[in-house]
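Okay, here's what each chain looks like letter by letter:
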Amino acid sequence: MNSSELHHLLCQGPQPSRMAETKQKCAALLQENSVRQRTGFWTFLSQVWRFTGVPMWAAQGAASVLFFLAAAGQKDLVSWLPLLGPLLVAVCLPVLFAGQRYDMDELEASTCVSRAELALAKLILAAAADLVILTSALVLGRSQTGKAVLPLFFYLLVPFLFCAMVALTVLRRCPRSNGTICIAVCSVTAAGLLMIHLAAPQLYETSALGGWILAFLVFGGFFVRELISLFQQRKEGIIGGIAA
């Protein structure tokens, strides 16, 4: 068959009279070959950990060690604890947005798992390390300041939830973003907390605890909503409008 004949056949398009025969041949091929089983999520999670979990945990560990070394010598440790949340989110961004930074998002969308499933696996690995680090910071703050656990809990978690909420929203709704917005938000949040530390330290007093609780409820609600939407997209195999 020469090129002109091939071009002629391609221009004709599918022939309706041959559609039934084609379907039968495809069905026969599927029956002859064993169907590949989908990888379970926890098996997939362990595979993601091998490639992205180790560098992400290493970055989180290094950032937390540097933070603890810097904060341990501060007299007013309470006002420094909120900086840990934006720092932990920022060091995870290179891994969370690796596909977008290297223009691999379309390739991720064409694999046997959805991009939502891949994002959830990375988030689970990040959350495991964050839980350990934030708990350690809470113990450190309690032992060095003698303050109640509840205020320290909100000082640590509110900035972390805000930055995590922004990162999750961008990851879910802006599939072409490379995480630059999230880095800017983490930087601005950290700078704002430092300004509060210098200009309005009374916000860390017990009388201002109601504002921290309100912020926790607001940011926590938005974060949970985005997380539920991501789980739903994993179930559907769709994220950012791309079927995977």
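Residues numbered from 1 in each chain as written. Predicted model: local features only at pLDDT ≥ 70, side-chain atom pairs only at ≥ 80, totals over all residues. Heavy atoms only, no water.

On to the side chain of Glu226. With respect to the element layout, Glu226 can be found in helix α10 (residues 209-236). With residues near it in sequence (within four places) discarded, Glu226 still touches Leu168, Thr169, Arg172 and Arg173. (Helix = DSSP H or I, 4+ residues; strand = E, 2+ residues; numbered from the N terminus. Contact = heavy atoms within 4.5 Å.)

For the rest of this paragraph, the subject is the confidence of the model for the protein chain. Low pLDDT marks regions whose predicted coordinates should not be analysed in detail. Considering every residue of the protein chain, the mean pLDDT works out to 79; 80% of them sit at 70 or more. Predicted confidence in the protein chain is weakest over strand β2 (residues 242-243), with a mean pLDDT of 36, and strongest over helix α4 (residues 84-96), with 90. (pLDDT = per-residue confidence, 0-100.)

Turning next to a nonpolar patch on the surface. On the surface, Trp49, Val54 and Trp57 cluster together to form a nonpolar patch covering roughly 270 Å² of accessible area. Within the secondary structure, Trp49 is located in helix α3 (residues 41-72). Given the relative accessible area of 34%, Trp49 is considered partly exposed. (Patch = residues over 30% accessible without salt bridge, like charges linked within 9 Å, V, L, I, M, F, W, Y side chains within 5 Å. Areas by Shrake-Rupley, 256 points an atom, 1.4 Å probe, with all protein chains shown as cover. Salt bridge = Lys/Arg side-chain N within 4 Å of Asp/Glu carboxyl O. Buried < 20%, exposed > 50% of the residue type's maximum accessible area, 1.4 Å probe, protein only.)

A few words on the nonpolar core. One finds Leu81, Leu84, Val89, Leu93, Phe97, Leu134 and Leu156 to be the most contacted residues of the largest nonpolar core, which totals 55 residues. Residue assignment for this core shows that the elements contributing at least two residues are α3, α4, α7 (115-145), α8 (149-173), α9 (180-199) and α10. When residues no more than four places from it in sequence are discounted, the contact partners of Leu93 are Ala167, Gly179, Cys182, Ile183 and Cys186. (Core = buried A, V, L, I, M, F, W, Y, C linked by side-chain atoms within 4.5 Å.)

Inspection of the secondary structure assignment puts His197 in helix α9. Distance from His197 to Val78, taken between C-alpha atoms, is 9.5 Å for residues 119 residues apart in sequence.

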